[in-house]
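Coordinate analysis (summary)
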Amino acid sequence: MPPFEIENLNSLKQLEGREFPATDWFVVTQDRIQKFADATEDRQWIHLDTERAQRESPFGGTIAHGFLTLSLLSYWMKQAIQIRSGIAMAVNYGLNKVRFPAAVRAGSQVRARVTLLSVKESPEFVDATFLIRVERHGAESQVSEKPCCVAEWLVRYYPQ
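Residues numbered from 1 in each chain as written. Predicted model: local features only at pLDDT ≥ 70, side-chain atom pairs only at ≥ 80, totals over all residues. Heavy atoms only, no water.

1. Examining the overall build of the chain
Within the chain, the regular secondary structure consists of five helices and seven strands. Along the chain direction, N to C, the helices and strands of the chain fall in the order β-β-α-α-α-α-α-β-β-β-β-β. Along the first, second and third principal axes, the C-alpha atoms of the chain reach 55 × 30 × 25 Å. Looking at the 160 residues of the chain, the share that counts as buried comes to 41%. If you take every contact in the chain between residues at least 6 apart in sequence, the share linking residues at least 24 apart comes to 71%. If you sum the accessible surface of the chain, you get close to 8900 Å²; carbon and sulfur atoms cover 48% of it. Counting 19 positive and 19 negative side-chain charges, the chain places the averaged centre of each group 3 Å from the other. (Helix = DSSP H or I, 4+ residues; strand = E, 2+ residues; numbered from the N terminus. Buried < 20%, exposed > 50% of the residue type's maximum accessible area, 1.4 Å probe, protein only. Contact = heavy atoms within 4.5 Å. Areas by Shrake-Rupley, 256 points an atom, 1.4 Å probe, with all protein chains shown as cover. Lys, Arg positive; Asp, Glu negative; His and termini not counted. Charge placed at Lys NZ, Arg CZ, Asp CG, Glu CD.)

2. Focus: the pattern of salt bridges
As enumerated under the stated definition, the model contains twelve salt bridges in all. Between Glu 135 and Arg 113 there is a salt bridge whose closest N-O contact spans 2.9 Å. Of the two residues, Glu 135 sits in strand S6 (residues 126-137) while Arg 113 sits in strand S5 (residues 109-121), which places them 22 residues apart along the sequence. Of the residues examined, Arg 113 reaches a relative accessible area of 25% and is grouped as partly exposed. Via salt bridges that share partners, Glu 19, Arg 111, Arg 113 and Glu 135 belong to a single interconnected network. (Salt bridge = Lys/Arg side-chain N within 4 Å of Asp/Glu carboxyl O.)

3. Looking at unusual backbone geometry
Even without being glycine, Glu 41 reaches a positive phi, approximately 65°. If you trace the backbone, Glu 41 turns up in the loop between helix H1 (30-40) and helix H2 (45-48). Owing to a relative accessible area of 56%, Glu 41 belongs among the exposed residues under this scheme.

4. Structural notes on the layout of surface pockets
Roughly 290 Å³ of internal volume is contained in the largest pocket. Lining the largest pocket are 15 residues, with Met 77, Lys 78, Ala 90, Val 155 and Tyr 157 positioned closest to its centre. Elements with a minimum of two residues in the lining of the largest pocket: helix H5 (73-80), strand S3 (81-85), strand S4 (87-99) and strand S7 (149-159). Here the lining of the largest pocket takes six residues from S4, the largest share from any one element. (1 Å grid on protein atoms, 1.4 Å probe; cavity = no way out; pocket = protein on both sides within 12 Å on 5 of 7 lines; lining within 4 Å. Points joined across faces, edges and corners; volume = space filled by probe spheres on them.)

As structure tokens, this is what we get:
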């Protein structure tokens, strides 16, 4: 699905409270989980040992790192909205709150729902706070009612 288009940075404030269309589904493969473990040195067995995870994990198999799911926010934001003009750059300014209510099993599909919570304008920059809810679509062929990640993300936009 193409991103929701916003004409320019000045138009952002008018969209406070709006939920944008859901992003496309993204498959979290075991290979991606392995690469994330290698990059972060987080090699806990619940992420990498498929046999043990099937036997001993309450999740019934290996799961993605919560921070792997969180790291996909930038990817999804590009799918959710596009501001066509007026931006020199956008930076990740931080997070207010992050929770991982449900696990992402290897092989699951995930997508994001993005809501613009607030916009604070200043002469030097514009701070936008987004609520991002990551949904999981698993082997049971339906979207789980419980999100696998909920985050308040702050993005700082610098005007041209």
